[in-house]
Amino acid sequence: MTSTPEPLRTPEPLRGPAFGSYAADEVGWLLTDLSGVELEAPTEEREEAVQSGGAHYAESLPVEFQPDEAYLTVYRSALDATAARLARAVGTVTELVLRERGPGVVLASLARAGTPVGILLRRWAQARHGVDLPHYAVSIVRGRGIDTLALAHLAEHHDPARVVFVDGWTGKGAINRELAAALAGTPFDPDLAVLADPGRCARTFGTREDWLIASACLNSTVSGLVSRTVLNDRLIGPGQYHGAKFYRELAGADVSNAFLDTVTAAFPLVDDTSEPPDREPDHAGWAAVERIVDEHGIGDVNLVKPGVGETTRVLLRRVPWKVLVRAGAPEADLAHVRLLAAQRGVPVEEVGDLPYSCVGLIHPRYTRGATGADGRAVPAEGAASR
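For every chain, the first residue of the written sequence is number 1, and numbering continues from 1 along that sequence. Local features in a predicted model are, by the rule used here, given only for residues with pLDDT of at least 70; side-chain atom pairs are given and counted only at 80 or more, and totals for whole chains, interfaces and linings are based on all residues. Computation of side-chain values covers all heavy atoms of the structure but excludes hydrogens and water.

**Student:** Quick question: what am I supposed to make of the confidence of the model for the protein here?
**Tutor:** The predicted coordinates of low-pLDDT regions are not to be read in fine detail. Model confidence for the protein is summarised by a mean pLDDT of 89, while 89% of its residues fall at 70 or above. For every residue, the predictor reports its confidence as pLDDT, a number between 0 and 100. Should any heavy atoms of two residues lie within 4.5 Å, those residues are counted as being in contact. Of the regions scoring below 50 in pLDDT, residues 367-386 engages in 32 contacts with residues more than four places distant in sequence or in other chains.

**Student:** Which parts of the structure should I look at to understand unusual backbone geometry?
**Tutor:** Residues other than glycine predominantly adopt negative phi, and peptide bonds predominantly adopt the trans conformation. A cis amide bond links Gly-16 with the next residue in sequence, Pro-17, at an omega value of 0°. Among the secondary structure elements, Pro-17 is positioned in the segment before β1 (28-29). Backbone torsion omega between Ala-111 and Arg-112 reads 5°, so that peptide bond is classified as cis. The helix count covers DSSP runs of H or I at least four residues long, the strand count covers runs of E at least two residues long, and both are numbered beginning at the N terminus. Along the chain, Arg-112 falls in the loop between β5 (106-110) and α3 (114-129). Backbone geometry places Arg-200, a non-glycine residue, at a positive phi of 55°. Within the fold, Arg-200 resides in the loop between β10 (192-196) and β11 (204-207).

**Student:** Got a minute to help me understand the pattern of salt bridges in this structure?
**Tutor:** Opposite charge on two side chains lets them pair, provided their charged atoms get close. A pair is scored as a salt bridge if a Lys or Arg side-chain nitrogen falls within 4 Å of a carboxyl oxygen belonging to Asp or Glu. Under the definition given, this model contains 21 salt bridges. Measuring nitrogen to oxygen at the nearest pair gives 3.2 Å for the salt bridge that ties Glu-59 to Arg-144. One end of the pair, Glu-59, is in the loop between α1 (43-51) and β4 (61-62); the other, Arg-144, is in the loop between β7 (140-141) and β8 (145-146), and 85 residues separate them in sequence. Classification of residues uses two cut-offs on accessible area relative to the type maximum, computed with a 1.4 Å probe and protein chains only: under 20% is buried, over 50% is exposed, and between them is partly exposed. Accessibility expressed as a relative area gives 26% for Glu-59, which makes it partly exposed. For Arg-144, a relative accessible area of 37% translates into the label partly exposed. The salt bridge involving Glu-69 is made with Arg-76; its shortest N-O contact spans 3.0 Å. The exposure class assigned to Arg-76 is partly exposed, which follows from its relative accessible area of 40%.

**Student:** Which parts of the structure should I look at to understand the packing of helix α2 (residues 69-101) against helix α6 (residues 256-265)?
**Tutor:** Each pair of packed helices gets described by two things: the angle between the helix axes and the distance between those axes. Here, axes are lines fitted to C-alpha atoms. For helices the fit covers the stretch in contact, and angles between N-to-C directions go from 0 to 180 degrees. It is the contact of α2 with α6, at a shortest axis distance of 8 Å, that shows an interaxial angle of 45°. One way to sum up the angle between α2 and α6 is to call them oblique. You can see that α2 and α6 cross each other, and the crossing is right-handed. Taken together, the residues of α6 that come into contact with α2 (itself represented by Tyr-75, Leu-79, Ala-83, Leu-86 and Ala-87) are Phe-259, Thr-262 and Val-263. When its residues are assigned to classes, the contact of α2 with α6 shows 7 nonpolar, 1 polar and no charged. By the definition adopted for this analysis, an angle is roughly parallel if under 35 degrees, roughly antiparallel if over 145, roughly perpendicular if from 65 to 115, and oblique otherwise. Each crossing gets its hand from how the near helix is turned against the far one by less than a right angle, where anticlockwise is left-handed and clockwise is right-handed. Only Asp, Glu, Lys and Arg are considered charged in this grouping, and only Ala, Val, Leu, Ile, Met, Phe, Trp, Tyr, Cys and Pro are considered nonpolar; every other residue, Gly among them, is considered polar.

**Student:** Looking at this model, I keep getting lost on the nonpolar core. Mind explaining?
**Tutor:** Taken as a class, soluble globular proteins show a tendency for nonpolar side chains to be buried jointly. Core analysis: the largest hydrophobic core is formed by 73 residues, its most contacted members being Trp-29, Tyr-75, Leu-195, Phe-259 and Val-263. Secondary-structure elements contributing two or more residues to this core are α2, α3, β9 (163-169), β10, α6, α8 (308-317), β14 (320-326) and α9 (335-344). Ranked by residues supplied to this core, first place goes to α2 with 13 residues. Residues in contact with Trp-29, not counting those within four places in the same chain, are Pro-13, Leu-14, Phe-19, Tyr-22, Ala-111, Thr-115, Ala-137, Ser-223 and Val-226. The next biggest cluster of nonpolar side chains, apart from the first, holds 22 residues, and it includes Leu-30, Val-106, Ala-108 and Leu-183. Take the buried residues of types Ala, Val, Leu, Ile, Met, Phe, Trp, Tyr and Cys, join any two whose side-chain atoms come within 4.5 Å, and each joined set is a nonpolar core.

This is the structure we're talking about:
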C-alpha cells in the first residue's frame, strides 16, 4: 500500500511585536529572523566585494544610516507635502487591483520597500470597502529570484491567482524582470503593483511621474524596523525563508507607523481614483538607462539607479559617484537628495533630457582609497575588463 505523502508545511510568518514594529494584523513577514547575527559591513567594504565578484549584495547588510536632525526635518517636510499625493496613488492602485482581481485579493509586498505600501493598500481596502486583505512580505533578490518557500506558503493558504505582488516604485525595471522570470511557469501572476512607475515597465500603478515616496528617504526606521533581506547560504538552509533582522535597538527613532498614519489620514481627501491612461508598459526607462551607461562610460546597468527612490538608496547604502538631476524637476522631490549628496560630497549635475527627476550613479569599478583623475576609482588589478 502506497502511503500519501505529507503535505508541505511551511514556517508560519513572523509578526509584530516579536518581529518588526508593525501591528500583527497588518503584515506577516515570510522571513527568517537573523536578528542575532552580525551581518553589517562598512559601505565601502561591501561595494568593493560586490564589484570584484567576491560577494553578492544580499549576503550582507549595510550599516544602517542614522539621519541627523537636519535630514529628519527634510523628511518630515517631504511627508507633509506629499501625503495627499501618496494617498491618491494608494487609492488608484487599490481600486485597480480590486476591480481586476476581485475582493479575495492577497497582497504580497516585496520586502522591504514594498511593505509599507502593502499596508497602505490594505488600509484603503478596509476603509473604503470594509474588506480585510491578507498581507505578507516576501523577499526577492536581484540575480537570485523570489523566495520559493514563501511562494509555497502563499500557495498552501491562498489561491495563487489571487496573489498581487506589491512594491513602492520602479526604477529601470530590473525587479519587474526578476519577478516575471521567477514566476514563469507558476500559477502566480507576475504583474507588479506599484505607486509610481517612472520606468514605464508596470501596468498597475498610481502614477508614472517620478516623484518622492517619502518612505524612500529612510531605511528600517520607516519600514517596521526590519532590515533589507539577506540570502546567505551559510545562514539560510532548506526549509527556511530568506532572512532579515529586526532592529529593536532603533525603536526610539522609529517613524514607521507615523508614516502610515499620516498617509492614511489623507485618504478622505482623495476624490479621484480613476484608472490611469495608457497603462501598457513601453520600458522607456530601461532604454534611458542604457543611454546613460554609454554616455558616462559606466559599462554596467546595475550601477545606474534611476528615479527619486533609487537615487536615495544609492546615497544611503552604496558608494555614489554622482547624481544626475533633470533641469526643472520639482525641488520638493529633490531636497533630501541634494542634502544627502552634500553630506557625502557627491557632485550633482543638472541635465536637460533626463526622463527621470534624478538618477544615482554608483561608483564604477570601486576599490577603497583608489582615485583617478576623472573622479572615478582606479580599477583593481585584473578588474579592468569588468
